[in-house]
Amino acid sequence: MATPLIFAAMGGLLSERSGVMNIALEGLMLIGAFSAAAGAHYTGSPYLGLLIGAVAAGLTAIIHAVWCITLRGDQIVAGTALNLLGIGVPAFLLQRLFGTAGRSPAVDRLPSLTSGLNVLVPAAFLLAPLVFYFLFRTKPGLRVLAAGEHPRAAESVGVAVDRYRYACVIASGVLGGIGGAFLSIGDVSFFTTNMTNGRGFIALAAMVFGNWTPFGTLGAAIFFGAAQAVQIQAQATGVPVSKELIIALPYLLTLVALTGLVRNSTPPAGLGRHAAAD
Amino acid sequence: MLGGIGPALVSSVGAIAVALLVGAVVIVLSGDDPVVAYRALFRGAFGGVRPLSETLVAATPLVFGGLAFSLAYRAGMFNIGVEGQLVLGGLAAGWIGAQAFGLPRLLHLPLALAAALVVGGLWGALPGVLKARSGAHEVITTIMLNYLAARISAYAVGSNGPLKGSASLPATDPAQPSATLPRLVGDERVHAGILLALVAAGLLWYLLFRTTFGYRVRAVGLSRGAAAYAGIGWGRTITFAMLGSGMLAGLGGAAEVLGLQGRYYDRFSPGYGFTAIAIGLVGRNHPAGVVLAALVFGALNSGATAMQSAAGTSKELVQILQALVILAVAAFAAAGRLRLFAGRRVAGVGRRVPAGDRSAAVGMDPEIEARPQPPKV
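### Some words on the interface of chain B and chain A
Many analyses report the size of an interface as the accessible area lost when the parts associate. At the junction of the two partners, chain B supplies 46 residues and chain A supplies 43 residues. Here Asp32(B) and Arg96(A) are joined by a salt bridge, their closest N and O atoms 2.8 Å apart. If you look at where chain B meets chain A, you find 3 residue pairs in polar contact (both at pLDDT 80 or more). Elements with a minimum of two residues in the side of chain B that touches chain A: helix H5 (105–134), helix H6 (138–157), helix H11 (272–282), helix H13 (317–337) and helix H14 (358–363) of chain B. Grouping the constituent residues of the side of chain B that touches chain A by class yields 29 nonpolar, 11 polar and 6 charged.

### Here we look at the packing of helix H2 (residues 34–46) of chain B against helix H12 (residues 287–311) of chain B
Residues and elements named next belong to chain B. Interhelical geometry of H2 versus H12 gives an angle of 130° and a closest axis separation of 7 Å. The angle between H2 and H12 falls in the class oblique. By crossing handedness, the relation of H2 to H12 is classed as right-handed. For the pair formed by H2 and H12, the contact residues are Val36, Ala37, Ala40, Leu41, Gly44, Ala45 and Phe46 on the first element and Ala299, Leu300, Ser302, Gly303, Ala304, Ala306, Met307, Ala310 and Ala311 on the second.

### A short note on the side chain of His64(A)
Following the sequence through the fold, His64(A) ends up in helix H3 (residues 46–70). Sequence-distant contacts of His64(A), that is, excluding residues within four places in its chain, are made with Val20(A), Met21(A), Asn22(A), Ile69(A), Gln75(A), Ala78(A), Gly79(A), Leu82(A) and Val169(A).

### Section: the environment of Phe332(B)
All names here are of chain B. Relative to the assigned elements, Phe332 resides in helix H13. Judged by relative accessible area, which is 25%, Phe332 ranks as partly exposed. Between the C-alpha atoms of Phe332 and Ser11, which are 321 residues apart in sequence, the distance is 6.4 Å.

### Thoughts on unusual backbone geometry
The phi angle at Asn197(A) is positive, at roughly 50°, despite the residue not being glycine. Relative to the helices and strands, Asn197(A) resides in the loop between helix H8 (161–187) and helix H9 (199–209). Owing to a relative accessible area of 59%, Asn197(A) belongs among the exposed residues under this scheme. Although it is not a glycine, Arg267(B) adopts a positive phi angle of roughly 60°. Mapped onto the elements of the fold, Arg267(B) is located in the loop between helix H10 (234–261) and H11. Given a relative accessible area of 71%, Arg267(B) falls into the exposed group.

Procedures and definitions
- Residues numbered from 1 in each chain as written.
- Chains lettered and ligands numbered in written order.
- Predicted model: local features only at pLDDT ≥ 70, side-chain atom pairs only at ≥ 80, totals over all residues.
- Heavy atoms only, no water.
- Contact = heavy atoms within 4.5 Å.
- Salt bridge = Lys/Arg side-chain N within 4 Å of Asp/Glu carboxyl O.
- Polar contact = N/O pair within 3.5 Å; in protein donor to acceptor, adjacent residues only side chain to side chain.
- Helix = DSSP H or I, 4+ residues; strand = E, 2+ residues; numbered from the N terminus.
- Nonpolar A, V, L, I, M, F, W, Y, C, P; charged D, E, K, R; others polar.
- Axes fitted to C-alpha atoms, helices over the stretch in contact; angles between N-to-C directions.
- Parallel < 35°, antiparallel > 145°, perpendicular 65-115°, else oblique.
- Left-handed = near helix turned anticlockwise from the far one by under 90°.
- Buried < 20%, exposed > 50% of the residue type's maximum accessible area, 1.4 Å probe, protein only.

So, in structure tokens, the structure goes:
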């Protein structure tokens with residue numbers, strides 16, 4: 001349950017750490033989920049489908065990057081538009097390519113390594129240390145952080161802020177797309193309209209709850225994923241847990257975290273700021 | 001005041017035109033005839049009493065939502081939570097409307113609407129308070145509150161829910177006749193909600209541009225620092241702006257429930273609150289612009305089905321068109337800021353906000369408000 005959340009949340013983390021708000025994760029996941037299913041359908045290979053899903057979402061993220069970075073448009077406006085595209089484009093293409101409303105034909109799933117776990121599950125758990133190492137132990141990663149904390153200072157010492165931001169936003173698209181692909185060709189073997197069902201926003205919540213750190217985000221994503229899994233188990237076994245309460249838990253916790261009751265919430269200082277002088 | 005709308009109108013119309021053009025390319029690429037498709041879309045939206053009625057029906061919640069978004073935006077608050085406020089407002093109105101109080105419409109209907117105002121308003125004020133108190137970013141809190149609202153609705157009218165009606169539906173009981181908004185034209189679905197929406201637009205215009213509170217809202221939105229220097233309380237102002245925003249959204253939910261649906265259904269809103277963001281942006285967060293933008297989007301929605309049956313173009317194209325409109329509006333605004341149209345500049349266009357002062361950038365709409373007007377008290 002946590003795997004798609006981890007991928008998307010790590011994508012959001014990279015984008016926001018570079019200073020670009022990315023509320024478009026939901027739309028990017030949907031594009032990834034659809035493209036992966038369509039890719040697997042046409043190529044016959046779930047691995048190629050995964051690749052196509054990641055690339056398609058990465059390309060979609062370029063729209064976000066152009067609007068936010070080059071045009072200096074409002075990052076939330078652009079994200080909102082992408083989320084609408086994420087619902088509209090797959091629905092439109094489903095109709096066009098497969099002549100169906102709401103659901104794609106069945107495709108091959110990513111093969112399981114062991115009982116139900118495909119290759120993306122361990123990859124998700126490796127992703128957090130990888131992102132941590134990249135951001136805090138490598139030169140490009142530290143430049144990303146500088147771009148996110150104080151873009152003008154970073155610019156003044158020669159960091160090409162916009163280029164790093166482009167890379168991070170595109171990476172967030174790729175990771176969001178993989179998260180979406182996990183849903184369509186990992187979890188099940190078809191795409192349905194709006195199948196992410198708010199996971200892009202939960203991933204965003206995990207990132208906020210994890211205080212914009214890789215391991216915090218990983219923990220929050222696992223926790224939110226577990227909450228979903230518990231809910232499904234509870235329903236299956238008839239344990240009288242209030243379903244509404246459990247579904248609402250990630251959102252409630254995020255609100256609590258944001259209001260500082262748990263600890264201070266510290267987004268990157270340069271979030272939403274532009275580097276170029278006036 | 002209206003004199004400043006010209007350039008904004010040009011760029012909004014331009015954005016819609018660009019979106020339709022790109023949409024035409026999409027239609028061609030998918031093997032259909034854009035002329036046939038758009039003609040069918042237009043007929044389905046304006047060609048007769050029924051299409052016109054359906055356009056107004058579709059526009060009604062969008063006017064309320066767009067106004068709600070705009071009021072918050074003017075105060076520098078990005079209210080993504082219109083959806084949740086609208087849902088809970090609709091729930092409150094639907095539940096009060098379903099009670100057999102034995103009241104005349106003159107009392108029952110206002111009571112139901114008032115319930116929507118209170119509940120929607122409080123749900124909207126909450127992110128305002130959170131931001132004022134602890135700086136919690138309203139975009140994140142309102143997204144979370146949207147999900148909470150959806151869960152509350154699912155619980156309230158779900159199986160064994162406290163507000164659930166007697167039918168086996170996830171819904172309240174039907175609204176009493178004394179609590180419904182009357183239909184306006186014979187059997188057509190257009191209802192008095194559109195009139196309420198127009199009144200709300202007029203009131204919001206008055207509030208924003210003719211009252212001290214409106215002046216404070218705009219001052220805070222344009223520059224939090226300058227407003228503070230002038231002695232305007234930021235936290236108070238954004239909280240009240242969000243309260244008003246939530247009230248407008250709640251009223252939109254109530255109009256939909258009491259005017260169109262006849263009872264509150266769980267998930268009655270197909271995302272009006274999110275389309276409302278587009279409406280606010282395309283309408284340049286001016287009440288008149290919002291009404292026009294809502295009519296355009298309403299027409300797109302009501303014409304979509306006709307387009308699908310006449311031209312075979314799937315009606316999901318309309319959602320893509322709406323996303324394209326948002327992107328085009330953002331690009332036009334950026335073009336203005338980046339001075340791509342040098343020489344055709346309106347006073348204030350292209351003036352940059354201090355880098356990084358997002359609170360200023362969010363509320364800034366230089367094309368409509370060149371500079372803050374003195375309060376007219």
